[in-house]
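Here are the chains, one letter per residue:
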Amino acid sequence: MTDPFEDRTLAEHRRVFEKIWWQNPERQNATSSSWWFFLLFPDGEEGYGPRQLMFSIAACVGDECRVNDLPPQGMDSDRSVVDGVDRFNATTVGWSGDDDVVHDHVVRQSAEAVLSRDDQRLEAWTDREDGSRRGSEIAALSDRPLGLRAHVIGDDAEAEFEAWGALDSKMTSPRRSLNIDTPLGGAEVVAWRQMEFEGEFDLPDGPETLSGSCYFQRVCFDVPLMPWKWIWAIFPDGTSFSVLIPFIGPQLFRRGYEFFSSNRLERLTIPLRQSGFWNWGSKDGHVEFDTLSVEPLLGTGEQPDFEVRVENEDGDHVRFVARTYGHARNWLDRPRLGGRFTSHWSYNEYMFRMAGLAGRIGGTSIDAESMGTGFGTLEYSTGLGL
């Protein structure tokens, strides 16, 4: 079990927070892409589920980048950034769902984005002829030490909410969870994994006030987008579980949404740099894993389920089946070689509840009875975003 979170000053938290408002244009290249996204888990009778929502602003370098088949957008890696203000084309996307129905693409809007480092604001709005607007914005909260507010408007949804963290743990503070910078490219991720959120939402099922747990990331990739499996799950007491497994395999060449004909073929992958952890919500303790497996189970329903197993050398281990009950998808196409070839990368998100939870963490046995229902999001991305 790793050491508890070290006390950090507000100034240290702010230095990480400030990275949200910069996408490292000095590091960008022809393969770069940037993402700002919220995953929202409203309070429910069983914990933080089954309802989930996602809103994201996405941008990529290139003359003609298509997100979800919208008209092509462009972003120049050599663009000028004046006085900390970065202007570029971006796309706002979003979905909402539960175990009855998923409303995919409730927001789907391209716009010119303005990212201001000094104002700590990202805006991506398109004005319409009738005086309304579509798109989104993210800004720093002014009435809390650190926090975010967001406003999103689409044809089928509007959301206006605030999110903040307690700043007292690895999960409740903004953290630079990844930073790789090489002459061949790199990546930087700012993750604020466990925030509280509250706001007003007008969704396809009607308007309502929602609150619960929020996961936020600002991701900057300066390498081609490749396949990965990623899990974020949370229990009623705030305990969290996460896995990230980038991989290579025949899924690199997949276009669209499809699977191979058997579990054996679908599992034909080679994991690369992988990581995972369990973080107790009600007491100190953060456990990391070095052996991880997330394997699809085809033929179990409309969408695949996933078998999850993790362990470490200290004997800590967790296993469960991620029973999926909803699916949403976003994708990115970018023409290459003068339009003779188009790279395709598909970002699949599955809403799930845990089934058959079993394991031991730091000498404590865990199961569904002791932990309650765990809900989460599982990303299974395929293709290659060159």
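Above this text you will find the structure in question.
Residues numbered from 1 in each chain as written. Predicted model: local features only at pLDDT ≥ 70, side-chain atom pairs only at ≥ 80, totals over all residues. Heavy atoms only, no water.

Caption draft 1: Inspection of the nonpolar core at higher detail. Trp36, Phe38, Leu40, Phe55, Phe88, Leu148 and Phe201 are the most contacted members of the largest nonpolar core, which has 41 residues in total. The element contributing the most residues to this core is strand S12 (residues 185-203), with six residues. Dropping the residues within four chain positions of it, Phe38 is found in contact with Leu53, Met54, Phe55, Ile138, Leu148, Ala150, Phe161, Cys214, Tyr215 and Phe216. Cys60, Leu225, Trp230 and Ala328 belong to the second-largest nonpolar core, a separate cluster that totals 32 residues. (Core = buried A, V, L, I, M, F, W, Y, C linked by side-chain atoms within 4.5 Å. Buried < 20%, exposed > 50% of the residue type's maximum accessible area, 1.4 Å probe, protein only. Helix = DSSP H or I, 4+ residues; strand = E, 2+ residues; numbered from the N terminus. Contact = heavy atoms within 4.5 Å.)

Caption draft 2: Here's a closer look at the state of the cysteines. Counting across every chain of the model gives one disulfide. The disulfide that involves Cys60 links it to Cys65, with 2.5 Å between the sulfurs. Of the two residues, Cys60 and Cys65, both sit in the buried class. Here Cys214 is not cross-linked by a disulfide; its sulfur's nearest cysteine counterpart is in Cys220, at 18 Å. For Cys214, a relative accessible area of 1% translates into the label buried. Looking at Cys220, it has no disulfide partner, and the nearest cysteine sulfur is the one in Cys60, 13 Å off. (Disulfide = S-S within 2.5 Å.)

Caption draft 3: Just the pairing of strand S2 (residues 52-60), in detail. With nine of its nine residues buried, S2 lies for the most part within the structure. A two-sided burial pattern is seen for S2, the buried positions comprising Gln52, Met54, Ser56, Ala58 and Cys60 on one face and Leu53, Phe55, Ile57 and Ala59 on the other. Taken together, the eight bridges between strand S1 (residues 33-42) and S2 define a ladder with antiparallel strand orientation. Bridge pairing in S2 places Phe37 opposite Ser56. Bridging between S2 and strand S5 (residues 85-97) involves seven bridges; their strand directions are antiparallel. Note on S5: the bridge partner recorded for Met54 is Trp95. (Pairing = 2+ DSSP bridges.)

Caption draft 4: Structural view of the packing of aromatic side chains. A full pass over the atoms with the stated rule returns 28 aromatic pairs. Clustering of aromatic rings is evident, with ring pairs tying together Phe235, Phe241, Trp278, Trp280, Phe289, Phe320 and Phe352. For Arg133, the ring lying beneath its charged end belongs to Trp125, and the centroid distance is 3.8 Å. The lysine or arginine in question, Arg144, covers the ring of Trp164, its NZ or CZ lying 3.9 Å from the ring centre. (Phe/Tyr/Trp six-rings, centres within 6.5 Å; stacked < 30°, edge-to-face > 60°. Lys NZ or Arg CZ within 6 Å of the ring centre and 35° of its normal.)

Caption draft 5: Region of the structure containing empty space enclosed by the protein. On inspection of all chains with the given rule, the structure shows four cavities of 30 Å³ or more. Of the pockets and cavities examined, the largest cavity occupies roughly 70 Å³. As for the largest cavity, its lining consists of Arg51, Ser96, Gly97, Asp98, Val101, His103, Leu203 and Asp205. Looking at side-chain class alone, the lining of the largest cavity contains two nonpolar, three polar and three charged residues. (1 Å grid on protein atoms, 1.4 Å probe; cavity = no way out; pocket = protein on both sides within 12 Å on 5 of 7 lines; lining within 4 Å. Points joined across faces, edges and corners; volume = space filled by probe spheres on them. Nonpolar A, V, L, I, M, F, W, Y, C, P; charged D, E, K, R; others polar.)

Caption draft 6: Structural view of the pairing of S1. Where burial is concerned, most of S1 is hidden: ten out of the ten residues are buried. Burial along S1 is two-sided: Ser33, Trp35, Phe37, Leu39 and Phe41 facing one way and Ser34, Trp36, Phe38, Leu40 and Pro42 facing the other are all buried.

Caption draft 7: Representation of the environment of Glu188 within the structure. Structurally, the position occupied by Glu188 is in strand S12. Residue classification places Glu188 among the buried positions, given a relative accessible area of 2%. For the pair Glu188 and Asp333, spaced 145 residues apart in the sequence, the C-alpha separation amounts to 22 Å. Here Glu188 is in contact with Lys19, Asn24, Arg27, Arg176, Leu178, Asn179, Arg218, Val219 and Cys220, once residues within four sequence places are set aside.

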